[in-house]
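Take a look at the letters that make up each chain.
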Amino acid sequence: MKNIVILISGTGSNMAAIVQAAEKDSWEKSLGVRVAAVISNKQNASGLSWLHANTNSSKIHTEVLEHTQFATREAFDAALMSRIDEHAPDLVVLAGFMRILTPAFVTHYAGRLINIHPSLLPAFAGLNTHQRAIDAGCKFAGATVHQVTSELDHGQILAQAVVPVLQGDTAEALAARVLTQEHLIYPAAVAAFFKP
Ligand code: GAR
């Protein structure tokens, strides 16, 4: 059985979409892969409560590793790597994991580390993507699933979804429209990663 480890920091709705797709589409049988663990760098991440309430929690290992407990970014990433590697991951999925990763971390998981970013990359890498798309007068916005490399929000594009930017859109309204598409493309991209 192959293993997926998902990293979250907050709501974890993309994580939930992946966990639900794995269940609904029987990934264990159809793809020989399972979500082995979900790790959060924040104790109060509501994604963890969702998991406990909505899944057979004995099947998916959950863990909190707070970055505030570590003196340096390198020390946190090293500890995180050792927690992740306990699950022998074939794929590490960043799902709203709001941390800048060290080169050592990215190199360690090269080719098996993916992220979802709420813009049509290479446009709007970084933060505040929706407001920046509105301010730039974009007619379309979206989300991108990509391989993670040492350059922030770069790396091979695996999937994208496009939504319209509507007249009078707020960043919140646009974010919600994009997020519904994230929930479709991220599970599909994870499944595609394991398809022969
Ligand atoms: C998602 O919109 C994701 O694209 C974004 O954070 C949100 C997390 O939502 N990620 C980034 O901005 C990464 N730079 P979720 O916790 O409900 O999945």
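That block above? That's the structure.
Residues numbered from 1 in each chain as written. Predicted model: local features only at pLDDT ≥ 70, side-chain atom pairs only at ≥ 80, totals over all residues. Heavy atoms only, no water.

Below, the discussion takes up unusual backbone geometry. At the junction of Leu-121 and Pro-122, the peptide bond is cis and its omega measures out at 10° in the coordinates. Relative to the helices and strands, Pro-122 is located in the loop between β5 (113-117) and α6 (129-135). Although it is not a glycine, Ala-88 sits at a positive phi angle of roughly 40°. By the element assignment, Ala-88 lies in the loop between α4 (73-85) and β4 (91-94). A positive phi is found at Phe-124, a non-glycine position, where the angle reads about 55°. Among the secondary structure elements, Phe-124 is positioned in the loop between β5 and α6. (Helix = DSSP H or I, 4+ residues; strand = E, 2+ residues; numbered from the N terminus.)

Moving on, we get to helix α3 (residues 46-54). Along α3, the positions that sit buried rather than exposed are Gly-47, Leu-48 and Leu-51. Around the axis of α3, the buried residues are gathered within 105° of arc, so they sit on the same side. Structurally, α3 contributes buried residues whose contacts are with β1 (2-8), α1 (13-24), β2 (33-40) and β3 (61-64). (Buried < 20%, exposed > 50% of the residue type's maximum accessible area, 1.4 Å probe, protein only. Arc of directions from axis to C-beta. Contact = heavy atoms within 4.5 Å.)

Close to the ligand lie Thr-11, Gly-12, Ser-13, Asn-14, Gly-96, Met-98, Ile-116, His-117, Pro-118, Leu-179 and Glu-182, which account for all nearby residues. The contact in question runs from an oxygen atom of the ligand to an N or O atom on the backbone of Gly-12, over 2.8 Å. Note that an oxygen atom of the ligand is positioned 2.5 Å from one of the side-chain N or O atoms of Ser-13. A total of 450 Å² of accessible area belongs to the ligand in isolation, and the protein chains cover 83% of it. A molecule is said to occupy a pocket when more than half its atoms come within 2 Å of that pocket's grid points, and by this definition the ligand occupies the largest pocket. Mapped by element, the contributors of at least two residues to the shell around the ligand are α1, β5 and α7 (171-194). For the shell around the ligand, a count of residues per class yields four nonpolar, six polar and one charged. (Near = heavy atom within 4 Å. Polar contact = N/O pair within 3.5 Å; in protein donor to acceptor, adjacent residues only side chain to side chain. Areas by Shrake-Rupley, 256 points an atom, 1.4 Å probe, with all protein chains shown as cover. 1 Å grid on protein atoms, 1.4 Å probe; cavity = no way out; pocket = protein on both sides within 12 Å on 5 of 7 lines; lining within 4 Å. Sits in = over half its atoms within 2 Å of the grid points. Nonpolar A, V, L, I, M, F, W, Y, C, P; charged D, E, K, R; others polar.)

Glancing now at the nonpolar core. Counting residues in each nonpolar core, the largest one holds 37 residues, and the members touching the most others are Ile-4, Ile-6, Trp-27, Val-38, Val-93, Tyr-186 and Val-190. Ranked by residues supplied to this core, first place goes to α7 with eight residues. (Core = buried A, V, L, I, M, F, W, Y, C linked by side-chain atoms within 4.5 Å.)

Considering the arrangement of structural elements, one finds Arg-99 in the loop between β4 and α5 (103-108). Comment: no salt bridge for buried Arg-99; closest opposite-charge side chain is Asp-77, at 5.0 Å. (Lys, Arg positive; Asp, Glu negative; His and termini not counted. Salt bridge = Lys/Arg side-chain N within 4 Å of Asp/Glu carboxyl O.)

What the seven strands build is an open sheet, ordered β3-β2-β1-β4-β5-β6-β7; its pairing is mixed. The open sheet terminates on both sides in strands that have one partner only, identified here as β3 and β7 (157-164). For this sheet the average axis-to-axis angle between neighbouring strands, irrespective of direction, equals 20°. Bridge count for β1 against β2 is seven bridges, and the pairing is parallel. In the strand pairing of β2, Ile-4 is matched with Val-35. This element, α7, spans β1, β2, β4, β5, β6 (140-147) and β7 of the sheet and lies at about 155° to β7. (Pairing = 2+ DSSP bridges. Axes fitted to C-alpha atoms, helices over the stretch in contact; angles between N-to-C directions.)

Its location among the elements puts Thr-102 in the loop between β4 and α5. The class for Thr-102 is buried, based on a relative accessible area of 6%. A distance of 2.7 Å separates the side chain of Thr-102 from the side chain of Asp-77, its partner in a polar contact.

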